Amino acid sequence: MMRGHRSFRLLPFLLLAATTIWAQQQAASNSQAVPSTATDPQAPQQPNVTNTETVVVTAPGEFRDEQSMDSSALSIEAPGTSPIRSVAELPSVDFTAADPYGAYEWAVRISVRGFNQNQLGFTLDDMPLGDMSYGNWNGLHISRAIIDENMGRIVLSQGTGSLETASTSNLGGTLQFYSADPSDKRNFTLSQSFGSWNAYRTYGRYESGLLPGNTKFYLAGALQLTDKWRGHGDIGQNYWQLNGKLVHYTHNGEFSIFVDYSDRREVDYQDVNKIWTRKLGYDWDNYGVWGTAIQAAFACNPQYGVPAAYPGKVATLASNEDPCDAGYYGGAGLRKDILGGISYKAQINSHLLWKTTAYGHHDDGRGLWFTPYVPTMANIYSATPTFVSPISERTSEYAIARGGVLSSLAYETARNRVEGGVWFEGERWNLARRYYGTSIASPLHSLYDFPSNPLTTQWEYVFNSTVYQLHLQDVFKVNQKFSVEAGFKTVETNTDGELSASFLSNPPIFANPTLQGGIGYTPGAYAQGALESGKPFLPQFGADWKATRNHELFADAAYNVRSYVPGGYGFGNSPWGTTQAGFAALKHTLKPETSWTEEGGYRFTSKLAAAQASYFHVNFSNRLLAFTQGPGIAGDASILSNAGGVTTNGVDGAVTVHLGPDFTLYNGATYSRSTYGDNVLTAAGTPLYATSIKGKVAVDAPEGLYKSSLDWHRYGAFAHLGSDFMSTRYFTYSNDGSVGGRFLVDLGLGYQREDLGAFHDVKVQINAYNLLNSQYYASIGTNGFVFSDPNSVALNTLQVGSPRTLVGSFSAHF
């Protein structure tokens, strides 16, 4: 494993500074041959070349730190790659995944400037996607919301995010995804790809072209089949997906419809710790063989009276190295989603623009795990149930039904742009924990199927939520060089979590609960009640000064709040993830997480190069941390505690330079430090642990990031070489458990030809992820975080990164 290097702090910024200075010198020399628009009012304005086919590193005129990527930048990735993986090129973005494509939802992680995934805001065509976490209660992951080939562009705001973003979680930045519009020309696109780990993907899209009546649409579908890169037995990570989009132009506006259907079935990678990786191997995974899993379950549970030893290499683990959790038969995530939105924007007159979006989303999901902690019993409610199997299939069952509307008006004059809007969403989220039977001979249920006929239901919740958001902002142009922005939003989220009526009418009351792993119902064991979160006034301010045609300064500040997260017993950072008594204690002391973000920066743009450098400071208040008790997958109640404040200070920068007509060089670097400002206290105000975490570095918050890429294009041939460095990350709050830094290299090669007989835009491409075949720890905290784990044995909460992966693809239009 690679280790972090302190020398990282200066080297990337020296490279950035040298590249920027060189670009400025070249721009200055080139400007001598360009007529000045100040002396020649008829001369065309010099274009600010801020984008390449790699990345847009700056956005002139914006009040905040913002970058974007368009479809040409995204197309360098292999088909089937999650759009969120492409964003990893941008500064301050920490992206990790256990699979090559960044699509396996349990282990994919993105954080920006110390804020993790569930503290950012995500939208698609203005429709809220929630926090994109696993088991998302108010949205879905972008990989399920749109086929990656249908993505038009992505906009990342690293710091404050825009006021109009429909999100209840954007303490930090925002990621706004936009679908591509249908083409004006009628055509059909077909793409086929093959790759490592038996990967197979087919994509097709039909474009209607512009029809009479000013309407156009496309219909698209994708099927992807691939195996996990580690594991045995059923190891597929498969999905199929359909998209459709229609655009109709009126005399003063545009009407559009977007629809998505997704069916995703992913067998899980086993979470590991350092001990298991060292003793069992880098490619260790779940057993995948039923007989082996039964043997391990009997070894884990000697009380069943069947003598057994742990199978294979697991037998080498000491009793304090958790051999029981080293492997299971398997687990999986199953999701079916329907997402749809209708938008209309109209230029009412020369000054007034109106925009409205209505959307709906339905999700049916299962999280499967064959657990050795709860056996399968016949006649389970009797005093003497009959033992059948040492394993049962445990599920977390999700059902989302939500809908909402966003509407805004913008009034613009020569000096002002006043914009205001509202967002409302109503949602019902069902969440249940159920167990299904197995036998000694067979699991009885497939990892790819939604199970039926449960043995028992441990609990079933119904969460009803409403969100109200109002925002108002004004951009005032003081003069041609200086503009200021001021605005605010009001947010209120109301969530009521109750055990369902069907569950309460027939709760699982066991005559002998000990034999059932303690999952029986006890009144008061599960939290119920309502919580309100939000703030009536969340201000945002910004300023932008164009010092010269090429040089620009900007600054902004914003206050944001995050709503409470619903969840059942043992669910992460949810106030409902505890007992009724625990919830009652929290209800009177709990405060929603808030953040105050400040940033300021410099931009440089020219024909030859674009660069940006920023300083940022964040005060994160009332940070809620869940201290995991026992094995993360076991679903024990976590201790939810207010960890006080977290302070982040940092700098980041990015530069893109054109090296002649064929080459483009991009570099991005970040140094930031996020530390806890207080010790963790109990509800009574006493220290939760003897050792304070004050001053400790926040978990999963690397101090250093460096990204670089070199792109080449000539006569239809193209190549992309990218690298990504990340420094040390901690997975314990006390900082006694960490994973070292890692350095990854990706490669893309291809050839594209506009016309080849009846075909157009013919493209052949090969991608290599992790080109150097590095071994490293990818995602951390997949099962939460603990206070202390110096030997990395207390919690299996790490995922190792995928080895070198090759993908070849062919596409054509006709």
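For clarity, every value in this text was computed on a predicted model and none was experimentally measured.

(A) Fine view of the overall build of the protein chain. Regarding its fold elements, the protein chain presents eight helices and 37 strands. At 27 Å, the protein chain has a C-alpha radius of gyration in line with the 28 Å of a compact globule built from 814 residues. Within the protein chain, the fraction of its 814 residues that count as buried is 58%. For the protein chain, the proportion of contacts with a sequence separation of at least 24, taken over those separated by at least 6, is 70%. As presented, the protein chain carries roughly 30,600 Å² of accessible surface, and 59% of it is formed by carbon and sulfur atoms. The protein chain carries 57 positive and 70 negative side-chain charges, and their two centres are separated by 3 Å.

(B) Structural view of the state of the cysteines. Considering all chains together, one arrives at one disulfide under this definition. Disulfide pairing places C300 opposite C324 at an S-S distance of 1.6 Å. Taking the torsion about the S-S bond as the criterion, the C300 to C324 disulfide, at about -75°, is left-handed. Residue C300 is located in helix α6 (residues 290-300), and its partner C324 is located in the loop between α6 and β13 (331-347); the two are separated by 24 residues in the primary sequence. For the pair C300 and C324, a shared accessibility class is recorded, and that class is buried.

(C) Seen up close, the pattern of salt bridges. Per the stated rule, a full pass over the model turns up 34 salt bridges. Note that D65 is salt-bridged to R113, the shortest N-O span being 2.6 Å. You can see D65 sitting in the loop between α1 (11-31) and β1 (66-70) and its partner R113 sitting in the loop between β3 (109-112) and β4 (121-124), a full 48 residues away along the chain. The exposure class of D65 is buried, given its relative accessible area of 1%.

(D) The arrangement of helix α8 (residues 580-587) in detail. Taken together, the buried positions of α8 are occupied by G582, F583 and L586. Viewed along the axis of α8, the buried residues span an arc of 100°, placing them on a single side of the element.

(E) Examining the pairing of strand β27 (residues 646-659) more closely. Most of β27 sits out of view: ten of its 14 residues are buried. Where strand β24 (residues 609-621) and β27 come together, twelve bridges link them in antiparallel fashion. If you follow A611 over to β27, its bridge partner there is V655. With 14 bridges joining them, β27 and strand β28 (residues 663-676) adopt antiparallel strand pairing.

(F) Seen up close, the environment of L710. Residue position: L710 is located in strand β29 (residues 704-714). Separated by 62 residues in the primary sequence, L710 and T648 place their C-alpha atoms 31 Å from one another. In contact with L710, not counting residues within four places along its chain, are L659, F663, T664, L665, A719, H720 and L721.

(G) Fine view of the nonpolar core. I84, F122, L124, L129, I142, L175 and F177 are the most contacted members of the largest nonpolar core, which totals 96 residues. The biggest single contributor to this core is α6, with eight residues. With sequence-adjacent residues up to four places away left out, I84 is seen in contact with F95, G102, V108, I110, F122, M132, H141, I142 and L175. By size, the runner-up hydrophobic cluster in this structure holds 23 residues, among which are W429, W459, Y461 and F503.

(H) Up close: a nonpolar patch on the surface. A grouping of F194, Y200, L223, L225, W240 and L242 is seen on the molecular surface, where their side chains present a nonpolar patch of about 530 Å² in accessible area. Elements represented by at least two residues in the nonpolar patch include exactly β10 (215-225) and β11 (237-249). Of note, L225 is situated in strand β10.

(I) Layout of the sheet that holds strand β7 (residues 174-179). One open sheet accounts for five strands, arranged β1-β6-β7-β4-β5; its pairing is mixed. Looking along the sheet, the strands with just one partner apiece sit at the ends: β1 and β5 (127-128). Where strand β6 (residues 151-157) lies against β7, six bridges are found, and the strand directions are antiparallel. Bridging across to β7, L156 finds its partner in L175.

(J) Layout of the packing of aromatic side chains. Throughout the structure, instances matching the rule amount to 33 aromatic pairs. Measuring from centroid to centroid gives 5.6 Å for F503 and Y521, while their planes differ by 85°, and the two rings are edge-to-face. With a gap of 18 residues between them, F503 in helix α7 (residues 501-505) and Y521 in the loop between α7 and β21 (529-546) connect regions that are remote in the sequence. Each member of the aromatic cluster is reached from another via a ring pair, and the members are Y398, W429, W459, Y461, F463, W576 and F583.

(K) Up close: the confidence of the model for the protein chain. For the protein chain, the average pLDDT comes to 89, and 91% of its residues sit at 70 or higher. For the stretch residues 30-54, pLDDT sits under 50, and the model shows 42 contacts to residues farther than four places along the chain or on other chains.

(L) Representation of unusual backbone geometry within the structure. Its identity as a non-glycine residue notwithstanding, N198 has a phi of 60°, on the positive side. Residue placement: N198 occurs in the loop between β8 (187-195) and β9 (199-207). Since its relative accessible area comes to 60%, N198 is described here as exposed. Phi at N770 takes a positive value of approximately 55°, unusual for a residue other than glycine. As for its placement among the helices and strands, N770 is situated in the loop between β34 (759-769) and β35 (777-780). Among the residues examined, N770 registers a relative accessible area of 4% and is labelled buried.

Parameters and conventions
Residues numbered from 1 in each chain as written. Predicted model: local features only at pLDDT ≥ 70, side-chain atom pairs only at ≥ 80, totals over all residues. Heavy atoms only, no water. Helix = DSSP H or I, 4+ residues; strand = E, 2+ residues; numbered from the N terminus. Rg over C-alpha atoms; globule rule 2.2 N^0.38 Å. Buried < 20%, exposed > 50% of the residue type's maximum accessible area, 1.4 Å probe, protein only. Contact = heavy atoms within 4.5 Å. Areas by Shrake-Rupley, 256 points an atom, 1.4 Å probe, with all protein chains shown as cover. Lys, Arg positive; Asp, Glu negative; His and termini not counted. Charge placed at Lys NZ, Arg CZ, Asp CG, Glu CD. Disulfide = S-S within 2.5 Å. Salt bridge = Lys/Arg side-chain N within 4 Å of Asp/Glu carboxyl O. Arc of directions from axis to C-beta. Pairing = 2+ DSSP bridges. Core = buried A, V, L, I, M, F, W, Y, C linked by side-chain atoms within 4.5 Å. Patch = residues over 30% accessible without salt bridge, like charges linked within 9 Å, V, L, I, M, F, W, Y side chains within 5 Å. Phe/Tyr/Trp six-rings, centres within 6.5 Å; stacked < 30°, edge-to-face > 60°. pLDDT = per-residue confidence, 0-100.

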